[in-house]
Amino acid sequence: MTRILIVEDEESYREPLVYQLTREGYDVSAAATGEEGLELFTKGGIDLVLLDLMLPGLDGTALCRRIREQSRVPIIMLTAKSAEIDKVVGLEIGADDYITKPYSFRELLARIRAVLRRNQMVAESGEAADDIPLVCGDISMRIGQHEVTVRGENVFFPLKEFELLEYLMQNKGRVMTRHQLIDRIWGSDYVGDTKTLDVHVKRVRAKIEEDPGHPKYLTTVRGLGYKIDTPSE
Ligand code: CA
């Protein structure tokens, strides 16, 4: 079932949308604020986002950027103004399409289907290279789909954590030095705190390890760096 997240503060737009999209067979979640929308999105499993541009607090453009930092999920912006500037802004921040209020539900539905279809085609064309999962014990990841499965459960990974896990998985059984990891994930010109790497390792462990305090997959190799490997029983 395709899951759609609606982020819209105006109830007179939000409620009918929830009703109509549910009737079309979509699994619909709705948020009235950007913060709530981000929280729902971060839980994972969303296939498309309908995002109002003008929101109190974290607004539509900011939320769109935040989502883009971690996902390529299709985003359709709902804008109140038809000014050209909105169209440009909507697409510059990484949205896939926009629709101007007031819109007809029929038109919105057509846009939703078109964006989902396009996304599906991109996913399929990338399948040959990206569809072979990287596997390490009970952990498996599909790069093209940005999907991680841990002991049979889908677990959401924000981009940097995903890249860290991907790089370690590609080099399963090999020790990756701190320098290699920072260089690969944050770039060679990274000047931030080296603790950033440890923070990300900790977050990845919390998601993949049964006992993050005693990691069996992602282990520290003292004085060198980190490695991921299938636990030896
Ligand atoms: Ca609004």
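Since we're looking at a predicted model, the values are computed, not measured.

K.L.:
What is the right way to look at the coordination of the calcium ion in this model?
P.N.:
Ideal donor angles around a metal are set by the shape: a four-donor tetrahedron calls for 109.5 degrees, a six-donor octahedron for 90 or 180 degrees. All of the protein donors around the calcium ion are Asp 9 (OD), Glu 10 (OE), Asp 52 (OD) and Met 54 (O); their distances to the metal are 2.1 to 2.9 Å. Read in sequence order, the donor residues coordinating the calcium ion give the pattern D-E-x41-D-x1-M. Residue Asp 9 is located in the loop between strand 1 (3–7) and helix 1 (11–23), and its partner Asp 52 is located in strand 3 (residues 48–52); the two are separated by 43 residues in the primary sequence. Owing to a relative accessible area of 1%, Asp 52 belongs among the buried residues under this scheme.

K.L.:
Even after reading the chapter, I still don't get the sheet that holds strand 2 (residues 27–31), so can you show me in this structure?
P.N.:
Sheet strands line up and pair through hydrogen bonds in the backbone, either parallel or antiparallel. The sheet built from five strands is open, its strands ordered 2-1-3-4-5 with parallel pairing. Whereas interior strands pair on both sides, the edge strands pair on one side only; in this sheet they are strand 2 and strand 5 (97–100). Strand after strand, the sheet turns through a mean of 20° between neighbouring axes, direction not considered. When strand 4 (residues 75–79) meets strand 5, the two strands line up parallel, connected through four bridges. What sits directly across from Ile 76, in strand 5, is Asp 97.

K.L.:
What's the story with helix 1 in this structure? I'm lost.
P.N.:
Helical periodicity: at 3.6 residues per turn, an α-helix aligns residues three or four positions apart in one direction. Its 13 residues place the ends of helix 1 18 Å apart at the C-alpha level, agreeing with the 18 Å of an ideal helix rising 1.5 Å per residue. Trailing helix 1 by a residue or two, Gly 25 shows a phi angle of about 100°, which is positive.

K.L.:
Just to check I follow, could you spell out the packing of aromatic side chains for this structure?
P.N.:
Two aromatic rings are characterised by how far apart their centres lie and by the angle between their planes. All chains considered together, the criterion is met by two aromatic pairs. Seen in terms of ring centroids, Tyr 13 and Tyr 103 are 5.9 Å apart; in terms of plane orientation they differ by 40°. Their pairing is tilted. With a gap of 90 residues between them, Tyr 13 in helix 1 and Tyr 103 in the loop between strand 5 and helix 5 (105–125) connect regions that are remote in the sequence. Relative to Phe 156, the ring of Phe 41 lies with its centre 6.5 Å away and its plane at 70°, an arrangement referred to as edge-to-face. Taken together, the positions of Phe 41 in helix 2 (residues 34–42) and Phe 156 in the loop between strand 9 (153–155) and helix 7 (159–170) put the pair 115 residues apart, joining distant regions of the chain. Of note, Lys 101 hangs over the ring of Tyr 13, and the distance from its end group to the ring centre comes to 4.4 Å. If you follow Lys 207 out to its NZ or CZ, it ends over the ring of Phe 157, 5.0 Å from the centre.

K.L.:
Explain the sheet that holds strand 6 (residues 134–136) here, please?
P.N.:
A sheet is described by the order of its strands in space; here four strands give the open sequence 6-7-8-9, paired in antiparallel fashion. Strand pairing shows two members of the sheet lacking a second neighbour, strand 6 and strand 9, which therefore form its edges. Recorded for the sheet is a direction-independent mean angle of 25° between the axes of neighbouring strands. Together, strand 6, strand 7 (139–142) and strand 8 (147–150) form the strand contacts of helix 7, whose direction differs from that of strand 7 by roughly 110°.

K.L.:
Would you take a moment to explain the packing of helix 7 against helix 9 (residues 195–208) for this structure?
P.N.:
In a packed pair of helices, the relevant descriptors are the angle between the two axes and the axis-to-axis distance. Interhelical geometry of helix 7 versus helix 9 gives an angle of 80° and a closest axis separation of 10 Å. Here helix 7 is positioned roughly perpendicular relative to helix 9, judged by the angle of their axes. On helix 9, the residues that touch Lys 160, Glu 161, Leu 164 and Leu 165 of helix 7 are Leu 197, His 200, Val 201, Arg 203, Val 204, Lys 207 and Ile 208. For the contact of helix 7 with helix 9, the per-class residue count stands at six nonpolar, one polar and four charged.

The rules behind these values
- Residues numbered from 1 in each chain as written.
- Predicted model: local features only at pLDDT ≥ 70, side-chain atom pairs only at ≥ 80, totals over all residues.
- Heavy atoms only, no water.
- Donors = N, O, S within 2.8 Å, 3.2 Å for Na, K, Ca; no water.
- Helix = DSSP H or I, 4+ residues; strand = E, 2+ residues; numbered from the N terminus.
- Buried < 20%, exposed > 50% of the residue type's maximum accessible area, 1.4 Å probe, protein only.
- Pairing = 2+ DSSP bridges.
- Axes fitted to C-alpha atoms, helices over the stretch in contact; angles between N-to-C directions.
- Expected span 1.5 Å × (residues − 1).
- Phe/Tyr/Trp six-rings, centres within 6.5 Å; stacked < 30°, edge-to-face > 60°.
- Lys NZ or Arg CZ within 6 Å of the ring centre and 35° of its normal.
- Contact = heavy atoms within 4.5 Å.
- Parallel < 35°, antiparallel > 145°, perpendicular 65-115°, else oblique.
- Nonpolar A, V, L, I, M, F, W, Y, C, P; charged D, E, K, R; others polar.

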